[in-house]
Amino acid sequence: MLTENHATATPPSPVTMAAPLYPIELTVNGTRHQFEIETWVTLLDLLRERMLLTGSKKGCDHGQCGACTVLSNGRRINACLALAVSQNGHEITTIEGLADGNQLHPLQQAFIDHDALQCGYCTPGQICSAVGLMREGEAHTTAGVRELMSGNVCRCGAYPQIVQAVSQVMGIAPAAQPEAPVRPTVVGTVLS
Amino acid sequence: MTELIEPLKTPTAEPGTGMVQPGMSVSRVDGRAKVTGAARYAAEHPAADLAYGVVVNSTITKGRILGFDLADALRVPGVIDIITHSNRPRMRPFKLSYKDMTAPGGFPFRPLYDDVVFYSGQPIALVLAETFEAARHAATLVRPDYAVEPHETELAAHLHRAHDPHGLKAGFAPPPKEKGHAQAAFDAAPVKIEAEFHSGVEHHNPMELFASTVIREADGHLTIYDKTQSSQNSRWYVSHVFGLSSRKVTVRNPYVGGAFGSGLRPQYQLPLAVMAALKLKRSVRVVLTRQQMFTFGHRPETRQAIKLAAERDGTLVSIQHDAVAETSRREDYTEVVVNWSGQLYACDNIRLSYHLVDLDNYTPIDMRAPGAAHGVHALEIAMDELSYALQMDPLALRLKNYAEIDPTKNLPFSTKALRDCYTQGAARFGWDQRPAAPRSMRKGNEWVGWGMATGTWDAMQMFARASAVLHADGRLVVSSAATDIGTGTYTVMAMIAAASMGLPMERVTFQLGDSTLPVAPIEGGSSHVTTVGSAVEGACEKLQKRLLKLAKALPDSPFAKAKIDEVEFADGTLRLRARPEVRIELPQLLQHAGEARVEVKYLMLPDALKQRKYQRATHSAVFCEVHVDEDFGTVRVTRVVSAIAAGKIISAKTAHSQITGGVVWGISQALHEETLQDHRLGRFMNANFAEYHVAVNADIHDIEVIFVEEDDRVVSRLGAKGVGEIGLVGVAAAVSNAIYHATGRRIRDTPITPDKVIAA
């Protein structure tokens, strides 16, 4: 039995009013786009549902799995935690923008060569994350790669191959490095 | 006629891949689609005029829905409709209609069927809107009114209600009856151990969120992209629940972002999306949240007790293994937990039992290596404990009791190279350097320990059909309604077909993931290669015969008198074995024969009469090293060697990844994973990736995989046995045993979190 109450005398609450639209401009994979969007649209949902760029994946929508990792002005970010309006004017690179035509990005090719994927769902996030990692210049050993790729969950468990693929492209010799963290880990620090 | 179904965008090997043979290392044929983001998963197929559905879940565990206050939710701009049990479209009233192909005994939950709430998090409404954001917001404004009833969700508090399982389920066999007199032998034995084990609830958590995109075509036909381990199971379910014939529904799953068992049964987003499409007469997408992925099946909480007894020389004289697991009030979910203990070691006295307790939870569902993950875990820790009681090396104890035949069924093994796993694994790991006593090795502030365990899993084969079509341009398309959940199905099947037909792999396409393709089983139980792979090879063999027949009929044919075993298919040609220069290119053959295409269909049925004479299983030996922090009790698994006997390995690269992934799962089971329930609320509390920890990259160190030689023509014509589960089995026990060796602390429960290490 439905108990809808239509007999309310009060005006509709603000939460039920149409959300206002804001103009934003994004450069996505080298092409400039303009949108009129509500503030509650995340960058991830904008990419997936409005631009049909479904290479960026939704695995948790809470910044806990890394499947949505894209590059914003070259930095790796969780697209699910970024409201699209907050990215106004940014250059966004998604997995669809990494290859040069038919020529794969070296990381894409290394992931295939090392079989650093199984179901493939975390893979775009892993690769975008690795591109960001390389730019940060913090990882110098396989242990460093492991640590700094740990924001990207792979449920199939392709981690050893992911480390091999990323290390190869970064020119890090496999297993020749000591098992030490790259730098002291301070809980709560955010890399800039 | 089986043609390539264009929307599936089936991948083919890269140009230049060339000729392949079983056992080779070939890159995943779907690799390019996956690393470029081109592979589309269930929620990613575009549709015009798409409505978005967001599910509302119950906040109570048991009771009835008295009604809903939907006023605020319906006022959200963009909201189209809210479907509840009161206004849903017609669904079949018969409970039987809701049983999918892998349903266990009992009757399944019927989503939005009536006002009854039987578990916490049950879907009770679907909000439909023009945008995802509007639907998500409106879903928070749906206010149900309940009549709450008391619930029971705690296994420990209801063990007195344990009962024998009812009904049948694929892959389940009840424990065999007692062999000998296990308790009397235990009482009389000189060396014995007893131990109890607890394994908590685990959730599969594939990376892809469960989703269904229902595309409604102009004529009302529904094409559904569903996250499932079987397009045909989902199609069957939709047809039965909504009374839609198979001609009116097609289900597709060309890419599945992991499943690990969670996709063995249709999950609730599927019927909800279908009912919305039927009601609105438009296309609908429903995607569950990560939190909602804790509101259907899970690996059941299980309590186990094991008693082992031996002579002083290590000869096992008694094995007793009892398990009690939870199930729902509606279905008796069953899995094989204890039977392994009657299969792994030679022993004259074996008693096993398995019981269920009905609780107000959702029905559990198979999760990678169901039953064995925790059942073999308990046995292998108990064996380790017995080895210390005997003052015997753990590996020596296992070799002492090596089962040459299945001890409870008295059947020979079809193949069993477990001894090679022990030998090669131990050598690679350096097991002979292991000091016997616990707390013998230390590095800095960490204790170091080495542990090992045995693993085993079924080698199963089901039935399947495959079609093979050779086109005039020389392309071969082989099809079966199989699934690739990341396992490598696309790759291994294309390899089998290419090797069989002697074609370069880039000219062969294996098409899967559509319910209209030839029948295939659900992808599960490590059976896809033995089953679908055998069907593929059978289809190719049939195609060879058809092609030879065409060749024989050509004018002045050099093959006129050739028998099938006198020719071979190699280098893209049909040729005489004795005189390879007598050959014809396959496209030329079709051209001369005047055929645009040659198609065959093949039905692969297991040779049950032969197979029943054998125990059929995969085996493994797992060796691992752990470092345990003295002060914090934190555990790192620094090194694993997994030696696998799984028959002939067809696709070396993807099989290797399957085992590595299984080891990662074992480490994650050992150290991290448990879904905790607040029994006052009846609700899982840590339903997200921040609080349900799965192993991340930093948790995983060196993993080495060895495949030992095995070739099993009883299990499959390919010699293969399957590699999906075996990589996981025994890993958690090896970790636990290594922690004991490191610290002298025995932890029998999973996960082995630091608090347990410190307290032990």
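- Chain B carries the name Xanthine dehydrogenase molybdenum-binding subunit in an unreviewed UniProt entry, which gives Amantichitinum ursilacus as its organism.

- Under an unreviewed UniProt entry, the name given to chain A is Caffeine dehydrogenase subunit gamma, and the organism recorded is Amantichitinum ursilacus.
- Recorded in UniProt under Cofactor (unreviewed entry), the annotation for chain A is "[2Fe-2S] cluster".

**Quick look at the overall build of chain B**
- In terms of helices and strands, chain B carries 16 helices and 30 strands.
- Taking 760 residues into account, the globule formula puts the C-alpha radius of gyration at 27 Å, and chain B, at 27 Å, falls close to it.
- Along the first, second and third principal axes, the C-alpha atoms of chain B reach 80 × 75 × 50 Å.
- By residue count, 67% of the 760 residues in chain B fall in the buried class.
- Taking the contacts inside chain B whose residues are at least 6 apart along the sequence as the reference set, 81% of them involve residues at least 24 apart.
- With 84 positive and 85 negative side-chain charges, chain B shows a spacing of 5 Å between the two charge centroids.

**Let's talk about a positive patch on the surface**
Residues and elements named next belong to chain B.
- On the surface, Arg465, Lys542, Arg546 and Lys549 cluster together into a positively charged patch.
- Tallying contributions element by element places helix H11 (residues 528-552) first for the positive patch, with three residues.
- Secondary-structure assignment places Lys542 in helix H11.
- Its relative accessible area of 38% is what places Lys542 among the partly exposed residues.

**Let's talk about a nonpolar patch on the surface**
Residue and element names in this part refer to chain B.
- Residues Phe94, Leu96 and Phe107 make up a contiguous nonpolar surface patch of about 330 Å² in total accessible area.
- Positionally, Leu96 belongs in the loop between strand S3 (79-83) and strand S4 (105-106).
- The exposure class of Leu96 is exposed, given its relative accessible area of 59%.

**Brief notes about the pattern of salt bridges**
Residues and elements named next belong to chain B.
- In total, this model carries 53 salt bridges over all chains according to the counting rule given.
- For Lys34, the salt bridge identified is with Asp30, shortest N-O distance 2.8 Å. As far as burial versus exposure is concerned, Lys34 and Asp30 are alike and both buried.
- Residues joined by salt bridges that share partners form a network here, namely Lys62, Glu152, Arg161, Arg329 and Asp360.

**Observations concerning the sheet that holds strand S30 (residues 702-707) of chain B**
Residues and elements named next belong to chain B.
- Judged by pairing direction, the sheet is mixed, and its five strands sit side by side in the order S17-S18-S26-S27-S30 without closing on themselves. On the outer flanks of this sheet lie strand S17 (441-443) and S30, each paired with one strand and no other. Geometrically, the sheet is characterised by an average inter-axis angle of 25 degrees between neighbouring strands, direction not taken into account.
- Bridge count for strand S26 (residues 617-629) against strand S27 (residues 635-645) is ten bridges, and the pairing is antiparallel. Opposite His619, over in S27, you have Ala645 as the bridge partner.

**Some remarks on the interface of chain A and chain B**
- Each partner contributes to the interface: chain A provides 61 residues, whereas chain B provides 77 residues.
- Together chain A and chain B conceal approximately 5600 Å² of surface at their shared face, both sides included; 55% is due to carbon and sulfur atoms.
- The interface formed by chain A and chain B holds six salt bridges in total.
- For the salt bridge of Glu673 of chain B with Arg155 of chain A, the shortest nitrogen-to-oxygen distance reads 2.7 Å.
- Counting every contact that joins chain A to chain B gives 29 residue pairs in polar contact (both at pLDDT 80 or more).
- If you list the elements that add at least two residues to the side of chain A that touches chain B, you get helix H1 (43-50), helix H2 (106-113), helix H3 (123-136), helix H4 (142-148) and helix H5 (159-170) of chain A.

**Overview of the pairing of strand S22 (residues 567-570) of chain B**
Residue and element names in this part refer to chain B.
- Here S22 runs beside strand S23 (residues 573-576); their pairing, made up of four bridges, is antiparallel. Paired with Ala570 across the two strands is Thr573, which belongs to S23.
- Connecting S22 to the next strand, S23, in antiparallel fashion are two residues, including Asp571 with a positive phi near 50 degrees.

**Here's the deal with the sheet that holds S23 of chain B**
Residues and elements named next belong to chain B.
- Strand order in this open sheet of three strands is S22-S23-S24, and the pairing throughout is antiparallel. Unpaired on one side and paired on the other, S22 and strand S24 (583-585) mark the two borders of the sheet. Adjacent strand axes in the sheet meet at a mean angle of 20 degrees when their direction is disregarded.

**Structural notes on the packing of aromatic side chains**
- Tallying each qualifying case throughout the model produces 22 aromatic pairs over all chains.
- With a centroid separation of 5.7 Å and 45 degrees between ring planes, the pair formed by Phe172 of chain B and Tyr354 of chain B is classed as tilted. Highlighted residues: Phe172 of chain B in the loop between strand S7 (143-148) and helix H4 (182-188) and Tyr354 of chain B in strand S16 (residues 350-359), separated in sequence by 182 residues. For the pair Phe172 of chain B and Tyr354 of chain B, a shared accessibility class is recorded, and that class is buried.
- Look at Phe429 of chain B and Trp431 of chain B: their rings are 6.3 Å apart centre to centre, the planes differ by 50 degrees, and that puts the pair in the tilted class. Residues Phe429 of chain B and Trp431 of chain B agree in their burial class; the two are buried.
- A cation sits over an aromatic face here: Arg155 of chain A above Trp665 of chain B, 4.1 Å from the ring centre.

**Quick notes on the domain arrangement of chain A**
All names here are of chain A.
- Domain parsing of chain A yields domain 1 (20-97) and domain 2 (106-170).
- Just the C-alpha atoms count here: the centres of domain 1 and domain 2 sit 21 Å apart.
- The interface is formed by 18 residues belonging to domain 1 together with 17 residues belonging to domain 2.
- Counting each side, the surface lost to burial between domain 1 and domain 2 is near 1300 Å², with a carbon and sulfur contribution of 55%.
- In this structure, the connection of domain 1 to domain 2 is made through one salt bridge.
- A salt bridge links Arg76 to Glu136, with the nearest nitrogen and oxygen atoms 2.8 Å apart.

Basis of the calculations
- Residues numbered from 1 in each chain as written.
- Chains lettered and ligands numbered in written order.
- Predicted model: local features only at pLDDT ≥ 70, side-chain atom pairs only at ≥ 80, totals over all residues.
- Heavy atoms only, no water.
- UniProt positions renumbered as here; feature names shortened; annotations may be inferred.
- Helix = DSSP H or I, 4+ residues; strand = E, 2+ residues; numbered from the N terminus.
- Rg over C-alpha atoms; globule rule 2.2 N^0.38 Å.
- Buried < 20%, exposed > 50% of the residue type's maximum accessible area, 1.4 Å probe, protein only.
- Contact = heavy atoms within 4.5 Å.
- Lys, Arg positive; Asp, Glu negative; His and termini not counted.
- Charge placed at Lys NZ, Arg CZ, Asp CG, Glu CD.
- Patch = residues over 30% accessible without salt bridge, like charges linked within 9 Å, V, L, I, M, F, W, Y side chains within 5 Å.
- Areas by Shrake-Rupley, 256 points an atom, 1.4 Å probe, with all protein chains shown as cover.
- Salt bridge = Lys/Arg side-chain N within 4 Å of Asp/Glu carboxyl O.
- Pairing = 2+ DSSP bridges.
- Axes fitted to C-alpha atoms, helices over the stretch in contact; angles between N-to-C directions.
- Buried area = accessible area lost by both parts, 1.4 Å probe.
- Polar contact = N/O pair within 3.5 Å; in protein donor to acceptor, adjacent residues only side chain to side chain.
- Phe/Tyr/Trp six-rings, centres within 6.5 Å; stacked < 30°, edge-to-face > 60°.
- Lys NZ or Arg CZ within 6 Å of the ring centre and 35° of its normal.
- Domains from an automatic or database assignment.

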